[in-house]
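# Residue-level structure breakdown
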Amino acid sequence: MGLVSVWMVTFNLIWIILIVIIFIRIIALKRALTIYICCACMIGFGIYFYGNTQGNQKQIPIEKEVHGVAIKIYPDDYSTNGDLVSFEGQIVSDSQKIRGFYNCKTQAELNRIKRNQQTQIINADVKIQMIKSPTNEKEFNYQSFMRTKSIYNGLTVVKVNGKLSNQGTFSIETVQNQLHEIRAHLKSYFSSLSSPLDKFLNALIIGDKTQDFNQDLNSVRQLGLIHLFCLSGLHVYYFVMLIGTLGNWLFIPRETMNKIVLLLLPCYLVIAGESSSLRRAIFMCMVQIACELMGKPVQGIIIWCLALLMGLLIEPQLLLTFGGQLSYLMSLLLIFMENKGNFESGVWLNLFSLPFILFNVYQWNVLSIVLSIFIIPVFEFLILPIVICGGIIGHHFQNITELINNLLNLFINFCEKLANLPLNITFGKPGLIACVCLLICSLACYLRQASIKRWVVLFTLYMGLFLWIHFPMRQEVVFFDIGQGDSTLIREPFNQKITLIDTGGKVHFKMDDWRTRKEYQTSGEKIIANYLLSQGISHLDYLYLTHQDADHIGNFPSILKKISVDKMVVPLGMEQLPQFVKKIKSTHAPKKLIPMTDAGEKLDSGLTVLHPFVAGAGKNEDSLVLFGEIGGFKYLITGDLDQAGEKKVIQKYPDLQVSILKTGHHGSKTATNPLFVEQLKPKLAIISAGKNNRYGHPHQETLETLKKYRVPFVSTAEHGMISIRKFQNNKEKIEVFNNEKS
């Protein structure tokens, strides 16, 4: 069993132990009931372990081509971005769920797919491969996320051979198809309405949170209020209340209405998107109604336990998701706090959820406690009702729809103003064991609220973790796997100086408008900013941009939205380029911009500029060359400097030698001159290049040069993130990240 699997098993086991402790400590359970709950938790653990084992068996470790595969795709399970169609489907032959992609060949084909609202079975030639795991520390683990949805392989459609008949006799499957088609119709209808009502409707009624929605409501996420848009108990309450009111108007007996609701709730689950939190709320509601119909009412804790087991049967890795953790924890706590007031319950819910938030988001807003208490009623009695009203009246009453949009924009603007206040604390990512300790201490404070010692322990634990994350004793140089690009982070002990060299970025090629894809989140945000925030870093002392190429500096505007910068250093002359000036003006500008040559002012960044010698235009031949030292390692970073420039550097600095050489231009043959390597005498070369990149980097000529001078090399394309770390015992350690640390 791999490290990731062991972590997952451990996490679920800790969850179950915590649940048992809560059960035994908070409510005085009878012995028989305690046994039932312990058995239920053990069954849940068994379900998870079995599901995880089955998933491992389905994984395809190498890419393979398969011809004539039948794939079933629901019309509400795909999205488009430019010419790319992304979908979640099912291979008909073995019912395996997959994550698929298809590049449309023509605009007419793309429009046809967008208009489709029918469940389809297509016959296609495909490439199947295992979903990629992260290649950088703290990078979002898309593979694990897909595993929680029981999706273990990715699929690329190479050619669509045709469509197969999807007609059949009446069955559960046909009902499910029709429900997905209803959801697709609702999605299409809601999207036709004006903004932001369209996004609110899709998110709150059918659980479809698009990339545009996430971007527009980023301020809501920063305030810790995004859970309001997760379909859960509140929405189920509205649905059941609506059905109940309708039954009263029609004079239908309560018992009959309960049976109708019991049948309609699974349908609502499909139409509303089948999220973890919604599934939990619906399962709890169904169990409660079923027990009421049988005349055997049970305690809320037993309903919760049965809902958990039902959820684990469908999603064995349910409790590994952030949404699943918060949904089940919050509902469990609400059961125990049913006699407490809204304010007190809100404070305790925030306290218990804080370790989960820090573990997944790394940041916490001071206002989140107050806002979650006071905005929930506003959301429940104002936002949700007017959104539903807007969805019903649609295009018929434009004046009312416009008023609703104005109210929603007012809500968004209010959240943005609050999010811009300097009240967001970048805590960093605490370890798993630390989170468990925080939960246990929070529970201890809840059990004995008057105990000052327990509160002191909890506060000390949070402060200790904060200081441990923010003031590391080690020094490190990190070479990110940013794809076909470059980015390097340098940190001194206790974070005295934090420097980033280049930011990576995507080179955009000109194409037809209909093929152009929106980039909702750059690799700089997903990889670099995410790593920095996980380390408690929201501020850079220095940002060096070696030259103007997009694969080196393209991400800096998006990174500066999340990370502030004191000083930005560029090669002399680049600061005057119109395109660069435009980028600076479009984002949060650094406090100081410093154009540099090797004869420029000496900075206290710990790096020495060896090139350029004169002003240039920020091209490859004008690249900054940076010399630094970590422990016993001297290293050199050369941007995209060509061989002619490398010769000039060693001519001007004839005594220059290094332990580690960052090869220029991603290992291209245009750099890494043999004379350059011969003089530097590096012990290791590091190549930053994208896997299977279109340029063929690193070139064979570069590898032959390194081989000739017996210089071993590691590449981010093969090994992922590469880090050099010096510890307090004066030992240096070089690590590569490829699935797991090695």
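Heads up: the structure comes first, above all this text.
A brief structural summary. Note that this is a predicted model, so its numbers are computed, not measured.

### Structural notes on the sheet that holds strand β4 (residues 120-130)
- Here 5 strands make up a closed barrel; going around it, the order is β1-β2-β3-β5-β4 and the pairing mixed. Strand after strand, the sheet turns through a mean of 50° between neighbouring axes, direction not considered.
- Here 10 bridges tie β4 to strand β5 (residues 153-164), and the two strands are oriented antiparallel to one another. The residue bridging I122 from the neighbouring strand is K163, located in β5.
- Relative to strand β1 (residues 64-81), helix α3 (residues 107-115) is tilted by about 65°, and along the sheet it contacts β1, β2 (84-91) and β3 (96-103).

### Topic: the sheet that holds strand β17 (residues 660-662)
- Within the open sheet, the 6 strands sit side by side as β14-β15-β16-β17-β18-β19. Their pairing is mixed. Across the chains shown, the open sheet's two edge strands, defined by having one partner strand only, are β14 (608-611) and β19 (713-715). Across the sheet, the axes of successive neighbouring strands diverge by a mean angle of 20°, strand direction being ignored.
- As paired strands, strand β15 (residues 625-630) and strand β16 (residues 633-637) are joined by 5 bridges and run antiparallel to one another. In the sheet register, F627 faces β16, and the bridge partner there is L636.

### Focus on the environment of Q325
- Relative to the assigned elements, Q325 resides in helix α13 (residues 322-336).
- Sequence separation of Q325 and S353 is 28 residues, and the distance between their C-alpha atoms is 9.0 Å.

### Considering helix α16 (residues 398-419)
- Relative to the 32 Å expected for 22 residues at 1.5 Å per residue, α16 spans 31 Å between its end C-alpha atoms, a close match to the ideal helical length.
- Here α16 has its buried residues at T401, I404, N405, L408, F411, I412, C415, L418 and A419. Around the axis of α16, the buried residues are gathered within 150° of arc, so they sit on the same side. Of the residues in α16, the exposed ones pointing more than 90 degrees away from the buried face are N399, L410 and K417.

### A closer look at the packing of aromatic side chains
- Here the structure, examined in full by the defined rule, presents 15 aromatic pairs.
- Ring centres of Y142 and F145 lie 6.3 Å apart, and the angle between their planes is 35°; on these two criteria the pair is classed as tilted. Residue Y142 and its partner F145 are both found in helix α4 (residues 142-148); the two are separated by 3 residues, about one turn of the helix.
- Judged by relative accessible area, which is 28%, Y142 ranks as partly exposed.
- Between W348 and F352 the ring centres are 6.1 Å apart and the planes differ by 35°, which places this aromatic pair in the tilted class. With W348 and F352 both in helix α14 (residues 342-361) and 4 residues apart, this pair spans about one turn of that helix. The two residues W348 and F352 agree in class, both being buried.
- An aromatic cluster of at least three residues, connected via ring pairs, comprises W348, F352, Y446 and W455.
- A cation over a ring is seen here: K429 above F359, with NZ or CZ 4.5 Å from the ring centre.

### Description of helix α11 (residues 276-293)
- Taking 1.5 Å as the rise per residue, α11 with 18 residues should run 26 Å; its terminal C-alpha atoms sit 26 Å apart, in good agreement.
- Taken across its 18 residues, α11 has 14 buried, putting it largely inside the fold.
- Downstream of α11 by a residue or two, G295 has a phi angle that is positive, lying close to 70°.

### Here's the deal with unusual backbone geometry
- Looking along the chain, the bond that leaves S195 and enters P196 is cis, with omega of 5°.
- With respect to the element layout, P196 can be found in the loop between α5 (172-191) and α6 (197-205).
- Following H697, the chain continues into P698 via a peptide bond in cis, with omega recorded as -5°.
- Even without being a glycine, E274 presents a positive backbone phi close to 60°.
- Among the secondary structure elements, E274 is positioned in the loop between α10 (254-271) and α11.
- Positive phi is not limited to glycine here, since K681 has a value of about 50°.
- The topology assignment puts K681 in the loop between α24 (674-680) and β18 (684-687).
- A residue is classified by how much of its surface remains accessible, and K681, at 48% relative accessible area, is partly exposed.

### Some points on the pattern of salt bridges
- Under the counting rule described, the total for this entry stands at 21 salt bridges.
- Notably, a salt bridge pairs E315 with R279, separated by 2.4 Å at the nearest N-O pair. Within this pair, whereas E315 is found in the loop between α12 (300-314) and α13, its partner R279 is found in helix α11, the two being separated by 36 residues in sequence.
- Linking K497 and D604 is a salt bridge whose minimum nitrogen-to-oxygen distance equals 3.5 Å. Taken together, the residues span a long stretch of sequence, with K497 in the loop between β9 (488-491) and β10 (498-501) and D604 in the loop between β13 (592-596) and β14 at a distance of 107 residues.

### Comments concerning the environment of W304
- Along the chain, W304 falls in helix α12.
- In this structure the C-alpha to C-alpha distance between W304 and I335, which are 31 residues apart in sequence, comes to 8.7 Å.
- At 3.0 Å, the side chain of W304 and the side chain of S331 are in polar contact.

### Focus: the environment of N161
- Following the sequence through the fold, N161 ends up in strand β5.
- Note: C-alpha distance between N161 and A124 (37 residues apart in sequence) is 5.2 Å.
- The contacts of N161, once residues within four sequence positions are left out, are G68, N123, A124 and D125.
- Here D125 takes part through its side chain, which lies 3.1 Å from a polar atom of the side chain of N161.

### Observations regarding the pairing of β2
- Counting buried residues along β2, 7 of its 8 residues qualify, which places the element largely inside the surrounding structure.
- Note that β1 and β2 share 7 bridges and pair antiparallel. Residue K72 lies in a different strand from β2, and its bridge partner there is Q90.
- Following β1, the chain reverses through 2 residues before pairing antiparallel with β2; G82 in that reversal takes a positive phi of roughly 65°.
- Summarising the sheet, β2 and β3 pair through 8 bridges and their orientation is antiparallel.

Cut-off values and rules
- Residues numbered from 1 in each chain as written.
- Predicted model: local features only at pLDDT ≥ 70, side-chain atom pairs only at ≥ 80, totals over all residues.
- Heavy atoms only, no water.
- Pairing = 2+ DSSP bridges.
- Helix = DSSP H or I, 4+ residues; strand = E, 2+ residues; numbered from the N terminus.
- Axes fitted to C-alpha atoms, helices over the stretch in contact; angles between N-to-C directions.
- Contact = heavy atoms within 4.5 Å.
- Expected span 1.5 Å × (residues − 1).
- Buried < 20%, exposed > 50% of the residue type's maximum accessible area, 1.4 Å probe, protein only.
- Arc of directions from axis to C-beta.
- Phe/Tyr/Trp six-rings, centres within 6.5 Å; stacked < 30°, edge-to-face > 60°.
- Lys NZ or Arg CZ within 6 Å of the ring centre and 35° of its normal.
- Salt bridge = Lys/Arg side-chain N within 4 Å of Asp/Glu carboxyl O.
- Polar contact = N/O pair within 3.5 Å; in protein donor to acceptor, adjacent residues only side chain to side chain.

Keep in mind these values describe shape, not function.
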